[in-house]
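# Overview (structure and organization)
Each chain, written out:
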Amino acid sequence: MAKIYFIDVTNRDGVQTARLGLSKLEKTMINIYLNRMGIFQSEFGFPTTAHESLYLQANLELADIGVLRPIRLEGWVRASAADIERAFALVPSIRHLNLSISTSDQMINGKFQGRRGRADILRMMTEAVDTAWEHGAKSIGVNAEDASRTDMAYLVEFALAAKEHGAHRIRYCDTLGYDSPFSIYESVKTLAENTKMPIEIHCHGDLGMAVANSIAGAKAAIDGGQDAYINTTINGIGERAGNADLVATVLAVTKSKGFAEKYQLGKPVDLTKAWMLAKFASYAFGVPIPINQPGVGANAFAHASGIHADGVLKDPENYELYDFAELGRGEPELVETGREICSGEYSGVSGFRHLMGRMAMSFKDTEDARPILELVRYANVEAQQPLVKDELLFIARYPQIARKLLTLTPPDGTAIS
Ligand SMILES: [Zn+2]
């Protein structure tokens, strides 16, 4: 039976969200946490973007040395041969790609203004797929942007053309959050049955249905005989109203009525990492977790009213579907209320050694600590907020890789395109 996998797109859809962003170190930490959680793939960035290339290369090195393994690191690129060329020029070791192009008449007409038609889209996409294979790609997904507003016969034709050129998966993008669980089920099932291709489900929350649509789409792919790859973001952060929240979607797949008995994960997800991951993303994005967020919100396991409190004290299952410990919650958190030494872009060596000493990381002497401190200062220039413990430890453990991903050198004028 076909299975469900997760592809997290926080480091792509999440960071392209208006008003929000992540430092390259924060993006790296997210990849590390996703890997620890057992997520199949991270869409880790934009290989054609110049300021992203050293971060992407550094993360691929982390994969080489086993730190980012087994998670698959995949880059998002527009489906154009020129962009594929540029991606491999900037990040030669990239091997997994998703190639994206609009497929709805609304977007083809609205974006290209009559300069391109449906046949041009097919040609551009297949040329891009061919180019990616020529440069050494190992896996390719093809994204149909605005799939939910695309004519179904054309969408099938598009997917079959991608398949014919060797693409592994088709991404059904409900780019505007237009689908309902009923409509996405019909569309994805038709797509699965007619293409016999694994399907990625990419949903947005403009109508408040991103998680519901994601599991309906996954069910449709599996009922149609194909594996489903659900796209998520941490805390649902993404364009406009956001994407399907990772933790909520894992909970929906594994805990909702009757679903888990029939529709199973292809790779186990360690939900006990959920709390840490959600908290880190909230801190890194500077966006608080809503009080009522599934699983990780402050109220997800809080009970006040008499009947509920009495009921949950007698037996938690009276009012809770799952236990807080399953999400890695329950450990008390220490919050410093007095004197505190934090990292910063102007930190000095004595404060830094004190800070690292509290994490049982000691340096022989001042000179030993200085190069790491220098990297920490640079990381703070990007983050503009104190680094968390795991970030400091990462820099101390992998200074060469940290140096690479913290290096931001704009190309000179002639090279800027
Ligand atoms: Zn999206």
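This text gives an overview of the structure that appears in the document. On a predicted model such as this, the values are computed, not experimentally measured, just so you know.

With that settled, consider the overall build of the protein. Regarding its fold elements, the protein presents 17 helices and eight strands. Taking 22 Å as the expected radius of gyration for a compact globule of 417 residues, we find that the protein reaches 23 Å, a close match to that expectation. Overall size of the protein, expressed as C-alpha extent along the three principal axes, is 70 × 65 × 35 Å. Burial analysis of the protein (417 residues in total) assigns 53% to the buried set. When contacts within the protein are restricted to residue pairs at least 6 apart in sequence, those whose partners lie at least 24 apart make up 74%.

Ordered by their spatial adjacency, eight strands build a closed barrel running S1-S2-S3-S4-S5-S6-S7-S8, and the pairing between neighbours is parallel. Strand-to-strand twist across the sheet, computed as the mean angle between neighbouring axes with direction ignored, equals 25°. In terms of strand pairing, strand S4 (residues 96-102) meets strand S5 (residues 139-145) through seven bridges, oriented parallel. Opposite Ser100, over in S5, you have Asn143 as the bridge partner. In this fold helix H8 (residues 181-195) packs onto strand S6 (169-174) and strand S7 (199-203), with an angle of close to 155° to the strand it touches most, S7. The strands touched by helix H9 (residues 210-223) within the sheet are strand S1 (4-8), S6, S7 and strand S8 (228-232), with S7 carrying the most contacts at an inclination of about 165°.

All of the protein donors around the zinc ion are Asp13 (OD), His202 (NE2) and His204 (NE2); their distances to the metal are 2.0 to 2.1 Å. Positions of the donor residues of the zinc ion, expressed as sequence spacing, correspond to D-x188-H-x1-H. In this pair, Asp13 is assigned in helix H1 (residues 10-14) and His204 in the loop between S7 and H9, connecting sequence segments 191 residues apart. On the basis of relative accessible area, Asp13 is assigned to the buried category, the value being 1%. Given a relative accessible area of 3%, His204 falls into the buried group.

The way to describe two aromatic rings as a pair is by their centre distance and the angle between their planes. Enumeration according to the criterion identifies 11 aromatic pairs in this entry. Between Phe352 and Phe363, the aromatic rings sit 5.7 Å apart at their centres with planes inclined by 35°, giving tilted as the arrangement. Taken as a pair, Phe352 in helix H14 (residues 349-357) and Phe363 in the loop between H14 and helix H15 (366-383) lie far apart in primary sequence, 11 residues in all. A single burial state applies to Phe352 and to Phe363, both of which are buried.

Bringing the packing of helix H2 (residues 24-37) against helix H12 (residues 274-285) into the picture now. It is the contact of H2 with H12, at a shortest axis distance of 10 Å, that shows an interaxial angle of 165°. With respect to H12, the axis of H2 lies roughly antiparallel. Handedness of the H2/H12 crossing: left-handed. Contact residues: H2 offers Glu26, Met29, Ile30, Tyr33, Leu34 and Met37, while H12 offers Ala274, Met276, Leu277, Phe280 and Ala284. In terms of residue class, the contact of H2 with H12 is built from 10 nonpolar, no polar and one charged.

For the rest of this paragraph, the subject is the state of the cysteines. For the structure shown, the criterion picks out zero disulfides. Cys203 supplies the cysteine sulfur nearest to Cys173, a cysteine that is in no disulfide, at a spacing of 9.2 Å. Residue Cys173 is classed as buried on the basis of its relative accessible area of 6%.

Attention now moves to the packing of H15 against helix H17 (residues 399-406). Each packed pair of helices is defined by two parameters, the angle between the axes and the distance between the axes. Two elements in contact, H15 and H17, have axes separated by 10 Å at closest approach and are oriented at 30°. Viewed along their axes, H15 and H17 adopt a mutual orientation that is roughly parallel. Read as a crossing pair, H15 and H17 show a hand that is left-handed. Seen from H15, the contacting residues are Ile372, Leu375, Tyr378, Ala379 and Glu382; seen from H17, they are Pro399, Arg403, Leu405 and Leu406. For the contact of H15 with H17, the per-class residue count stands at seven nonpolar, no polar and two charged.

This part covers the pairing of S8. Where burial is concerned, most of S8 is hidden: five out of the five residues are buried. Burial along S8 is two-sided: the face carrying Ala228, Ile230 and Thr232 and the face carrying Tyr229 and Asn231 are both buried. A crossover connection joins S7 to the parallel S8 through H9; in handedness this β-α-β unit is right-handed.

Of all five residues making up strand S2 (residues 41-45), five are buried, and the element is well covered by its neighbours. Bridge count for S1 against S2 is two bridges, and the pairing is parallel. Residue Asp8 lies in a different strand from S2, and its bridge partner there is Ser42. When S2 meets strand S3 (residues 72-78), the two strands line up parallel, connected through four bridges. In the strand pairing of S3, Gln41 is matched with Arg72. Once the chain exits S2 it traverses helix H3 (residues 53-64) before rejoining the sheet at S3, and the crossover so formed is right-handed.

One finds Ile4, Phe394 and Ile395 to be the most contacted residues of the largest nonpolar core, which totals 125 residues. Counting residues per element, this core draws most heavily on H12, which supplies eight residues. Beyond its immediate sequence surroundings of up to four residues, Phe394 is in contact with Leu25, Thr28, Met29, Ile32, Leu62, Ile401, Ala402 and Leu405. Of all hydrophobic cores here, the second largest spans five residues; its members include Tyr5, Ile7, Val9 and Phe40.

Basis of the calculations
- Residues numbered from 1 in each chain as written.
- Predicted model: local features only at pLDDT ≥ 70, side-chain atom pairs only at ≥ 80, totals over all residues.
- Heavy atoms only, no water.
- Helix = DSSP H or I, 4+ residues; strand = E, 2+ residues; numbered from the N terminus.
- Rg over C-alpha atoms; globule rule 2.2 N^0.38 Å.
- Buried < 20%, exposed > 50% of the residue type's maximum accessible area, 1.4 Å probe, protein only.
- Contact = heavy atoms within 4.5 Å.
- Pairing = 2+ DSSP bridges.
- Axes fitted to C-alpha atoms, helices over the stretch in contact; angles between N-to-C directions.
- Donors = N, O, S within 2.8 Å, 3.2 Å for Na, K, Ca; no water.
- Phe/Tyr/Trp six-rings, centres within 6.5 Å; stacked < 30°, edge-to-face > 60°.
- Parallel < 35°, antiparallel > 145°, perpendicular 65-115°, else oblique.
- Left-handed = near helix turned anticlockwise from the far one by under 90°.
- Nonpolar A, V, L, I, M, F, W, Y, C, P; charged D, E, K, R; others polar.
- Disulfide = S-S within 2.5 Å.
- Right-handed = clockwise from strand over helix to strand, strands pointing away.
- Core = buried A, V, L, I, M, F, W, Y, C linked by side-chain atoms within 4.5 Å.

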